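Next come the chains, spelled out residue by residue.
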Number of protein chains: 2
Amino acid sequence: MAGDGSDQRALQYEQTLMYGRYTQELGVYAKEEAARLRESGPRRSVSDRSRTLDLLEYDKGRCAKCRICTVRCQKFLISRVGEDWIFLILLGLVMALVSWAVDFCIAICLQAQKWMYGGLDSNVFLQYLAWVTYPVVLITFSAGFTQILAPQAVGSGIPEMKTILRGVVLKEYLTFKTFVAKVIGLTCALGSGMPLGKEGPFVHIASLCAALLSKFMSLFGGIYENESRNIEMLAAACAVGVGCCFAAPIGGVLFSIEVTSTFFAVRNYWRGFFAATFSAFIFRVLAVWNRDEETITALFKTRFRLDFPFDLQELPAFAVIGIASGFGGALFVYLNRLIVQFIRKQKTINRFLMKKRLLYPALVTLIVSTLTFPPGFGQFMAGRLTQKESLVTLLDNRTWAKQGIAEEFDYIGNSQAWQHPQLNVFITLVIFIVMKFWMSALATTIPVPSGAFMPVFVIGAAFGRLVGESMAAWFPDGIHSDGTVYSIVPGGYAVVGAAALSGAVTHTVSTAVIVFELTGQISHILPVMIAVILANAVAQSLQPSLYDSIIRIKKLPYLPELGWGHHEKYNIRVEDIMVRDVRYITLNCCYRDLQNVLMTGHLKTLALVESAESMILLGSIERAQLQSLLAQQLGRPRRLEYIRERSVAEKKRLSVVSDPGSDIDSQRISQEVRFQISTEESTFSPVRPVSPKPLKPALKRPSVVERPTEIPASPNDNSGIALKNLFCASPDTEGLEDDGDVEDDMTIREIAEWEEMQLDEQVNFNNCKIDPAPFQLVERTSLHKTHTIFSLLGLDHAYVTSIGRLIGVVSLKELRKAIEGSVTVKGVKVRPPLASFRDSGTSSSENEATELHKLWDRHNMTLPRDHTPSESDEKSQ
Amino acid sequence: MAGDGSDQRALQYEQTLMYGRYTQELGVYAKEEAARLRESGPRRSVSDRSRTLDLLEYDKGRCAKCRICTVRCQKFLISRVGEDWIFLILLGLVMALVSWAVDFCIAICLQAQKWMYGGLDSNVFLQYLAWVTYPVVLITFSAGFTQILAPQAVGSGIPEMKTILRGVVLKEYLTFKTFVAKVIGLTCALGSGMPLGKEGPFVHIASLCAALLSKFMSLFGGIYENESRNIEMLAAACAVGVGCCFAAPIGGVLFSIEVTSTFFAVRNYWRGFFAATFSAFIFRVLAVWNRDEETITALFKTRFRLDFPFDLQELPAFAVIGIASGFGGALFVYLNRLIVQFIRKQKTINRFLMKKRLLYPALVTLIVSTLTFPPGFGQFMAGRLTQKESLVTLLDNRTWAKQGIAEEFDYIGNSQAWQHPQLNVFITLVIFIVMKFWMSALATTIPVPSGAFMPVFVIGAAFGRLVGESMAAWFPDGIHSDGTVYSIVPGGYAVVGAAALSGAVTHTVSTAVIVFELTGQISHILPVMIAVILANAVAQSLQPSLYDSIIRIKKLPYLPELGWGHHEKYNIRVEDIMVRDVRYITLNCCYRDLQNVLMTGHLKTLALVESAESMILLGSIERAQLQSLLAQQLGRPRRLEYIRERSVAEKKRLSVVSDPGSDIDSQRISQEVRFQISTEESTFSPVRPVSPKPLKPALKRPSVVERPTEIPASPNDNSGIALKNLFCASPDTEGLEDDGDVEDDMTIREIAEWEEMQLDEQVNFNNCKIDPAPFQLVERTSLHKTHTIFSLLGLDHAYVTSIGRLIGVVSLKELRKAIEGSVTVKGVKVRPPLASFRDSGTSSSENEATELHKLWDRHNMTLPRDHTPSESDEKSQ
């Protein structure tokens, strides 16, 4: 047994090199995590801060009263800084400034393009070059800049925010780098004039802003370190994002709730309103100060007549807009996903594009801007108008087409763009809608920070306008029968269309409110509401929302919603979907077990049970905590301490007796390092056949020789030792560089042995954060209830216990699989096999009670079984 | 021991009479509950229904094809009926009709009063009599009618809905009787012209409507029996209530969310929007069909100018309105509570009023209507205007006072009411505000179905108007400096004031949206938002909302919100507030234990544990279930069966042997009734000193004689027997009436003995609904988390377990006490003593880990304790 120990060790050393890379990484990671935890632990407390204040203040040394007053003021200010409303005001202010600055830059960019295009009107080719090159350069820059600085800034950011607000930590999504990349990337992308939107990115930017502000303010107050508070603030930030983008505080709050939340805490409501209102206010005040506006008004103000906004008989037309928008919205989402999937699947294209990452944006921009070139095809689709200009003209309260003839109306300003000498205004609108539709779907796949809300909004407005103009042509004197002539207002139809289509794409109802706030008129409330609801009903039954679609494409860890008809969810139970093979650690495990568990599983937290026999769940421990425990146990400081102890012991031994017997020494050391096994086998007998080796390895003997049962216990123990060897080899390589203070004279083999010994110690959980209340479910909990609890509490996983015993674990993954399985296949195929037992109506109560009655039967043997199931199946359903 | 058995029993019989009333009630109640449960169990299933359909359809007997077609159509319709949108459309339709009808009746009532008042203009005294008598009669009728039919209909109903939506079952609040009482009572109350509102009652009426509709539709489809679905529908109904009351779908949804929910499931959002929009649409369409309106417009349409709604420099005035409204709102809530408490406390008044219940409403109405009598004091406060008329005039877009002189403006129509020859319009407004303020606060305490939203709204509008008129007088040419003169619009101020004051009273932000929808203009969005937010900030820091105030007055089981600064909640744990003395039943308990538990505790559900030693929580059982179990065990059918068995046995005995020994007989019977103790002591020995008694009581001996330890075991066992005696005496009294089929020849004493025997049997939990997954908390869960979980999941109580063992229970009561204690006293006095240990920052982690480490120490004796607390206190906060 002891003879082949050295061979085994040689083998292990080879394996060591093989596993090197992974384990080294793991070791480094564990240590980094431990260091991070250690650093973040002792944060500066309030008393510290006040002391430094005092010190600062003593330096000044003016009159005492003044000094006291200053300190008090400072203290007061600092205590105030922690309050929510200060944070929200700051957030609103910053976001309003950002929004205004971005808008300003975009306007300059677009003006520059127009100026270039206008200046070169002598040569069409030069004009085309200017028209095309400018956006291509901007988009390419935006894509490149984002790619280099922070690839997380790509896209709208709403799907990511939805995931983050659910409690999932997406790394790097809320950093300063991402903020910079997003703001600059967005400005360039929108400045190019491509059909892209500002809303989605602004939700992300506001969240970034809130996260950074929170970090910054945590320098002053301690409350900002609370995680649940940060989540609340992020929710408010989403509202601010929409609010300051459209100057729509109410719509912003509602839209952000609909888009990001599953369950909304009404106590956060005022936060969103407060911040969004303040932000929208500042945003519009900046426009007034900049002399853009006379006073605070809506962004796209309409001037429809108030006394008779629409006739009752026009409502069917509005309903038609709603239903058509529903189909259109679903189509848009489908098209968008199709494009992404097509590009991904086509391997040759994909490989080529992966190499030249900036080629795809440039190509798409080239196509889109070529098609909108005003002297070219752009003349048929009002190509010379920017997105904002088209929207303003579409919402105009004048009728373009009287009796179907476009020429009768004298166009002024931008409205002229819709006029074409050869074409009807209807055809222009149709071309505009069709072209913009696929262009927008294509443009939103470009990897730049961009949203899809505004393009869709404009398309919807155009569609509404089309219907409105048709109605106006059909009923030139209006529909109203008695008395006064109220002509039809096509602008109202445009408003309805815009709300309906954007509502259909995002699956929200609050676009209605956004529309009212954008136009500053609420007179069309009923048509808008009817159209939006119909559009939602149609779109929701056909496709997921754009954001959910992106979530699925990006495979973000998100929990899907339960479908409308979710009644079969009551029959599936947690026990059908849970993972029964739970990774756990026991209270009295040794470091080796810890290491094994860390090596094999990848869950973020691990269950702590009393013992492997009882399996009673005591709590859960984070993976990082365990890693730091392990790193501490095997770390260099501990080893150096061991070396010091050993040398002291050696000196003592040399000074007192020159007895070569290692009996006492090994015994003492084994006590010093608190060796678990040594307490049982302290009567160390040198009678056993010990291999003749130098002194030091003899210290290790107890662990190598006296545990013959442990080595062959598990087949992967070998690799375990090898892994661990290199896991601990990293401090060794460090040791070669900076072994200045203590003489680290251990060889690699010695270290391996020492670590072997360390691993056999029992884990000390004392300075380890244990969550004593991990979420528990019972195996009978229905899928419906589980889903509710998971989405309510933002859980990542929950342990399933039966009478206190850990019997399984359910994570988001299993839940998602179960829901999507039964949602799509309607409970035919993916249905868990056990669920079918419970379907047969009245018998379910028996099933439910079985387990309990089994237990009960154990207690009492002779019992009557007069079963009347009719009474007990009421609640079990 | 056996000698004084008869004395004891005599004593018990006396006690029986004493306890008679209560226990009989309890017994009857238990039986009723059991019967109810039994009846509700076998609901008609779908197959049943289709069979009856088939039968019905066979009776017709026309051609076969037609028959099949009809059946198919019916089946299809029935399957569709179950869909949500059908339900919502029906709900919206019904509520729109109700709202319109109520409005119509109110208008007729008010017109009648005006007509009477106008017709009697020759005699002021008669005029006064007519003016006063009419409302007094209406209010008295309303109060009396409501009192007789359904006292639950009194008040606004929003507090009750808030409680019901939290999951608390308030009996009789959702019945047809209440519906009728509420609708008729409300119509009469509002028809009287008192300052009362329609909104709150309409929320209740809509919920009633939803509940009734749900019940009605459950005749067709099975989904309506699902409780969580019903809650979702009630939430939608609240939105419908507000929506159809003000024709404000968006505001309705938001207001109902703010007022009734703590956590809102976004998946219910569309339901509310859909139903409220449909309802508002129908409500307004009815007005168009009735020729009241030309087309669908807002209820209180304003016509402010669109191009320049307000100047930036007017914003401070709007902010002032907001802040003042905040104070005003808090004052209103305080005044309202003060009046209620004053009337309650004044015992003489109270006693008098309790006798003559209709006196208080009549008195209040008399006072209010006397003061508004137009030729009297009413002339100074526009007393002749109804609530609606005043609101319309207040929102007028013309300026009343130019340069402070009222006479300059030519009043037309209703606006004349604000003009008084001697008085300035400002003074009229001030008088109006002050008088209406206390009148409204007083009127809302009348026990009729009524809300406070609309009166407050009108007062707010008047206050806004006052500020607006002052501003107009101060800046006759407007504030705007450059170029055009934009005069100030006092109507805009009225809108802002209305939103701010109603927002302050109800603690909602969505009054802003309601205001936009009511006026049909959104141009003042920023001033309104600013004022509403400021008003909310002020009011929320001073007083609870009106609805929360009523909840506290009525002592409804509701969980208060955590305050704004709820950071100390993280330090209080469940173990500090939980009740440690939990009522539980064990798996192997006998019916006597069950009875004892039922007698002493009053919790709705009881914990079921494995055994009193292990205390491992297995589930929870509803009280009603246990009562029905007990009733079954002691019920008459069982006893009759016993008598039958006994007589059969007796016959057999008589026929076979004439042996007088009761050995075999008693043994057999004890086996037949599965006697728990008899299995152990089946070797029945007649050697013991048995008192010489007739045969039948001898059957009972085992339970009386052989359990000498049980009688003195608990001091209340005596009363327990007595109670139980009468608990089971109720079937006996029944037995005297209808003992036709089986000869119930048992005497009361015999019955008592038989029941005694029955009680010793072990409980059979087989046909008992056990909830296998009651909600569990760990003792370390923080108060903050507990609050969140309770309000998220709508819990009533949760068990506290430690490693699977039941150690306590937390119910709403404890939680409320803990929250209110620490909210009001700010953690100084009511603070639980244990909590203070954890305050000292870094040491909290030690505390948290103690329990675990204790456990751990049990496992491992010799362990190092190198404690570094700095690392582990991050998450524990």
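Above this text is the structure in question.
Residues numbered from 1 in each chain as written. Chains lettered and ligands numbered in written order. Predicted model: local features only at pLDDT ≥ 70, side-chain atom pairs only at ≥ 80, totals over all residues. Heavy atoms only, no water.

Peer 1: Could you give an account of the overall build of chain A, with specific residues and numbers?
Peer 2: Of the regular secondary structure elements, chain A holds 34 helices and eight strands. Residues classed as buried in chain A amount to 58% of the 877 residues present. A separation of at least 24 residues holds for 77% of the contacts in chain A among residues at least 6 apart in sequence. Carbon together with sulfur atoms contributes 61% to the accessible area of chain A, which is approximately 37500 Å² in total. (Helix = DSSP H or I, 4+ residues; strand = E, 2+ residues; numbered from the N terminus. Buried < 20%, exposed > 50% of the residue type's maximum accessible area, 1.4 Å probe, protein only. Contact = heavy atoms within 4.5 Å. Areas by Shrake-Rupley, 256 points an atom, 1.4 Å probe, with all protein chains shown as cover.)

Peer 1: Before we move on, could you go through helix 19 (residues 511-519) of chain B and cite the residues and values that matter?
Peer 2: Of all the nine residues making up helix 19 of chain B, nine are buried; the element is thus mostly covered by neighbouring parts of the structure. Looking at the residues trailing helix 19 of chain B, positive phi occurs at B:G520, about 75 degrees.

Peer 1: Let's hear about unusual backbone geometry: which residues, and what values?
Peer 2: All names here are of chain A. In this structure, A247 is a non-glycine residue whose phi angle is positive, near 55 degrees. The residue A247 is located in the loop between helix 9 (227-246) and helix 10 (249-260) in this model. At H507, a position not held by glycine, the phi torsion is positive, near 55 degrees. Here H507 lies in the loop between helix 18 (490-506) and helix 19 (511-519). Given the relative accessible area of 17%, H507 is considered buried.

Peer 1: Break down the state of the cysteines for me, with residues and values.
Peer 2: Inspection of the entire model under this criterion finds zero disulfides over all chains. A:C188 takes part in no disulfide bond, and the closest cysteine sulfur to it belongs to A:C109, at a distance of 6.5 Å. Here B:C238 stays free of any disulfide, with the sulfur of B:C244 as its closest cysteine sulfur at 12 Å. Judged by its relative accessible area of 0%, B:C238 is buried. (Disulfide = S-S within 2.5 Å.)

Peer 1: Give a detailed account of the packing of aromatic side chains, specifying residues and quantitative values.
Peer 2: Residues and elements named next belong to chain A. Using the criterion set out here, one finds 38 aromatic pairs over all chains in the structure. An angle of 25 degrees between the planes, with centres 4.5 Å apart, marks the rings of F318 and Y493 as stacked. Of this pair, F318 sits in helix 12 (residues 315-345) while Y493 sits in helix 18, and the two are 175 residues apart along the sequence. Neither residue differs from the other here; F318 and Y493 are each classed as buried. Feature note: the residues Y117, Y128, W131 and F373 constitute an aromatic cluster, connected by ring pairs. The ring of F202 has K198 sitting right over it, with the charged end atom 4.9 Å from the ring centre. (Phe/Tyr/Trp six-rings, centres within 6.5 Å; stacked < 30°, edge-to-face > 60°. Lys NZ or Arg CZ within 6 Å of the ring centre and 35° of its normal.)

Peer 1: Give me the pairing of strand 7 (residues 797-802) of chain A: which residues, what numbers.
Peer 2: All names here are of chain A. Judged by how many residues are buried, strand 7 sits mostly within the fold: six of six residues are covered. Across the two faces of strand 7 the burial is the same, with H797, Y799 and T801 and A798, V800 and S802 all buried. Sheet analysis places strand 6 (residues 776-778) next to strand 7, joined by three bridges and oriented parallel. Bridged to L777 within strand 7 is V800. You can see the chain leave strand 6, run along helix 32 (residues 783-793) and come back into strand 7, and the turn it takes is right-handed. (Pairing = 2+ DSSP bridges. Right-handed = clockwise from strand over helix to strand, strands pointing away.)

Peer 1: Can you tell me about the sheet that holds strand 6 (residues 776-778) of chain B, naming the residues and giving the values?
Peer 2: All names here are of chain B. An order of 6-7-8 is seen for the three strands of this open sheet, with the pairing classed as mixed. In the strand order of this sheet, the two ends are held by strand 6 and strand 8 (805-811), each with one partner. Direction aside, the axes of adjacent strands within the sheet are offset by 40 degrees on average. Alignment of strand 7 (residues 797-802) against strand 8, held across six bridges, turns out to be antiparallel. Across the sheet, the residue bridging to V800 is G808, located in strand 8. (Axes fitted to C-alpha atoms, helices over the stretch in contact; angles between N-to-C directions.)

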